[in-house]
Amino acid sequence: MPSAEGMTLVTAKLVMGLGCERDTAPEEVIALAEQALAHAGASGRDVALVASLDARAEEPAIHAVARHFSVPPRFFDAATLEAQSPRLKNPSKVVFAHTGCHGVAEGAALSGAGSDAVLLVPKIRSARATVAIAGPADFARGTLR
């Protein structure tokens, strides 16, 4: 959209990585997702997609978050998430033992956002869920073109 000075504000799109225990209440994951967006200084309009481990492809809470933000869900296999391991801020041996990757939320966010993305919000937790947000490194500064 053109501004008064003839510049265009580019809205950065973020990827929200999600992890949760089976049968986690959707309200818990949605609340954590909103908290993560607040940490990023972002809103639901900035979310391009939600991403998670393919083992959670049928998890109602993941789909509820995608519907909440009106974006598609995307699921990655453990090997794809594990490829992000060098970029994770909070790798976990416990998570690896259960899933085959060292981080679900962070790995999914980075996998969905691409090789140039950075973790804008490293993994945050609730009782039964994790959320991380990845996007362009300059997101916090805003981008004018």
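Quick look at the structure, then. (Residues numbered from 1 in each chain as written. Predicted model: local features only at pLDDT ≥ 70, side-chain atom pairs only at ≥ 80, totals over all residues. Heavy atoms only, no water.)

## Focus: the pairing of strand β3 (residues 73-76)
Where strand β2 (residues 47-53) and β3 come together, 4 bridges link them in parallel fashion. Paired with serine 52 across the bridge in β3 is phenylalanine 75. You can see the chain leave β2, run along helix α2 (residues 60-69) and come back into β3, and the turn it takes is right-handed. (Pairing = 2+ DSSP bridges. Helix = DSSP H or I, 4+ residues; strand = E, 2+ residues; numbered from the N terminus. Right-handed = clockwise from strand over helix to strand, strands pointing away.)

## Topic: the packing of helix α1 (residues 26-40) against α2
In the contact formed by α1 and α2, the axes pass within 8 Å of each other and the chain directions differ by 50 degrees. Of the possible angle classes, the one that applies to α1 and α2 is oblique. Here the hand of the crossing between α1 and α2 comes out right-handed. From α1, Pro26, Val29, Ile30, Ala33, Glu34 and Leu37 reach across to α2, where they touch Ala61, Ala64, Val65, His68 and Phe69. For the contact of α1 with α2, a count of residues per class yields 9 nonpolar, 1 polar and 1 charged. (Axes fitted to C-alpha atoms, helices over the stretch in contact; angles between N-to-C directions. Parallel < 35°, antiparallel > 145°, perpendicular 65-115°, else oblique. Left-handed = near helix turned anticlockwise from the far one by under 90°. Contact = heavy atoms within 4.5 Å. Nonpolar A, V, L, I, M, F, W, Y, C, P; charged D, E, K, R; others polar.)

## Here we look at unusual backbone geometry
Negative phi characterises most residues that are not glycine, and trans characterises most peptide bonds. Residue aspartate 23 is not a glycine yet carries a positive backbone phi of 65 degrees. Secondary-structure assignment places aspartate 23 in the loop between β1 (14-20) and α1. Taking the relative accessible area as the measure of exposure, aspartate 23 reaches 64% and is therefore exposed. Positive phi outside glycine occurs at serine 70, with the angle close to 55 degrees. Examined against the element boundaries, serine 70 turns out to sit in the loop between α2 and β3. Judged by relative accessible area, which is 67%, serine 70 ranks as exposed. (Buried < 20%, exposed > 50% of the residue type's maximum accessible area, 1.4 Å probe, protein only.)

## A look at the nonpolar core
If you look at the biggest cluster of nonpolar residues, it comprises 27 residues, and the most contacted ones within it are Met16, Leu18, Leu37, Val65, Phe69 and Ile133. Elements represented by at least two residues in this core include exactly β1, α1, β2, α2, β4 (118-125) and β5 (129-135). Counting residues per element, this core draws most heavily on α1, which supplies 7 residues. The residues contacting methionine 16, other than those within four sequence positions of it, are Ala33, Leu37, Val47, Leu49, Val50, Ala51, Val65, Phe69, Ala109, Val131, Ala132 and Ile133. Counting 10 residues, the second-largest nonpolar core is a separate cluster that includes Val15, Leu49, Leu53 and Phe76. (Core = buried A, V, L, I, M, F, W, Y, C linked by side-chain atoms within 4.5 Å.)

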